[in-house]
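Structural description and commentary
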Number of protein chains: 2
Amino acid sequence: MPYKEREIEKKYYSIGEVAQMFKVAPSLIRYWEGEFDIINPKKDRKGNRRYTKPDIQKIKYIYHLVKEKGYTLQGAQEVIKSGKEAGIDKVEAVQKLQEIKDFLISIRDQYNSKSES
Amino acid sequence: MPYKEREIEKKYYSIGEVAQMFKVAPSLIRYWEGEFDIINPKKDRKGNRRYTKPDIQKIKYIYHLVKEKGYTLQGAQEVIKSGKEAGIDKVEAVQKLQEIKDFLISIRDQYNSKSES
DNA sequence: TTTTACCGTGCCATACAAAGAACGAGAAAT
DNA sequence: ATTTCTCGTTCTTTGTATGGCACGGTAAAA
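What this report covers is the structure whose coordinates are included nearby. (Residues numbered from 1 in each chain as written. Chains lettered and ligands numbered in written order. Predicted model: local features only at pLDDT ≥ 70, side-chain atom pairs only at ≥ 80, totals over all residues. Heavy atoms only, no water.)

In the vicinity of DNA strand D lie 18 residues, with A:G16, A:K43, A:R49, B:K67 and B:L73 positioned nearest. B:W32 is positioned such that a nitrogen or oxygen atom in its side chain is 3.0 Å from a phosphate oxygen of DNA strand D. Those elements that provide at least two residues to the surface near DNA strand D are α1 (15-22) of chain A together with α2 (26-35) of chain B. With four residues, α2(B) is the largest single contributor of residues to the surface near DNA strand D. Of the residues contributing to the surface near DNA strand D, the split by class is six nonpolar, six polar and six charged. (Near = heavy atom within 4 Å. Polar contact = N/O pair within 3.5 Å; in protein donor to acceptor, adjacent residues only side chain to side chain. Helix = DSSP H or I, 4+ residues; strand = E, 2+ residues; numbered from the N terminus. Nonpolar A, V, L, I, M, F, W, Y, C, P; charged D, E, K, R; others polar.)

Okay, structure coming up:
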């Protein structure tokens, strides 16, 4: 037998295989596809989805956010969009500090105006 | 007039006031109380909930996680839990800052009362 | 005292999010 | 040719999160 494609590593995965990886129903994978723009598997002539490894990575990320971290789908979408996920709390802490600083400045100014008058 | 409690800032808030702060229904505040252990307002003789500022800060944190960051209630619970075991809790840090602010307010008010008398 | 205005608990209703099921159909492997 | 997997669409179910009601109690104001 001449040249035969050897299966060292799969190039594409079917929806059933992907669903199995995450132990979810195929319908859920399709459902997420409708909810998340980043999921965009190619389709063959027949229309069947062909998932590449990067595709699966993205699904994995969504799975992580939704099933492990407890985001709503919408919350997960926002996390993905903003590209962040961690570190936001620090920003908030800094904002709070700035807020307090402004408050202190206002107190100082009040004091200054009273003693000057 | 001798010693009279000055109402610089309220010590306790009713559920209605708290609900109003976050523009939600009082029933939601009660519901969260059942879902989140960290919410534990004291109750007066009659049974009415009395919220202190730290209580409100905790509610604020939950509000932030659920309404702004898009966590499910369960997801928010886990964030809160894991944040505590991490030792340095960001919420507590922010709460601490708030406490400091309150302290500064008390200093300011003391100053004001002296100059007024 | 009567009214007004909360608040309590407990239960039920709604709204929407999330997921799954059911349908008929087609390709491909066995 | 029977089984197995997939398709898209649509329908149905489940679950979460929230709101609202009924009914009673308390307190303070009128």
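A few words now on the protein's contact with DNA strand C. As a matter of local geometry, DNA strand C sits amid 17 residues, with A:K67, A:L73, B:S14, B:K43 and B:R49 nearest to it. Here DNA strand C approaches the protein such that, of its atoms within 4 Å, sugar and phosphate make up 84%. Measuring from a phosphate oxygen of DNA strand C, one finds a backbone N or O atom of B:R49 at 2.8 Å. Put simply, the parts of the chain that give the surface near DNA strand C at least two residues each are α2 (26-35) of chain A together with α1 (15-22) of chain B. Take the surface near DNA strand C: its biggest share by element is four residues, from α2(A).

For the rest of this paragraph, the subject is α2(B). Here α2(B) has its buried residues at B:I29, B:W32 and B:E33. Projected onto a plane normal to the axis of α2(B), the buried residues spread over an arc of 105 degrees and lie on a single side. (Buried < 20%, exposed > 50% of the residue type's maximum accessible area, 1.4 Å probe, protein only. Arc of directions from axis to C-beta.)

Okay, the packing of α1(B) against α2(B) next. All names here are of chain B. For the pair α1 and α2, interaxial distance at closest approach is 8 Å and the crossing angle is 100 degrees. Classified by the angle their axes make, α1 and α2 are roughly perpendicular. Between α1, through I15, V18 and A19, and α2, the contact on the second element is made entirely by P26, I29 and R30. Taken together, the residues that form the contact of α1 with α2 break down as five nonpolar, no polar and one charged. (Axes fitted to C-alpha atoms, helices over the stretch in contact; angles between N-to-C directions. Parallel < 35°, antiparallel > 145°, perpendicular 65-115°, else oblique. Contact = heavy atoms within 4.5 Å.)

Pairing between side chains of opposite charge can happen when the charged atoms of each approach one another. Residues and elements named next belong to chain B. What the rule picks out here adds up to three salt bridges over all chains. One salt bridge in this structure joins E33 and R49, with 2.7 Å as the shortest N-O distance. With E33 in helix α2 and R49 in strand β2 (residues 49-50), the pair connects residues that are 16 residues apart, well separated along the chain. Residue classification places E33 among the buried residues on the basis of a relative accessible area of 18%. (Salt bridge = Lys/Arg side-chain N within 4 Å of Asp/Glu carboxyl O.)

Any link to function would need more than the numbers given here.
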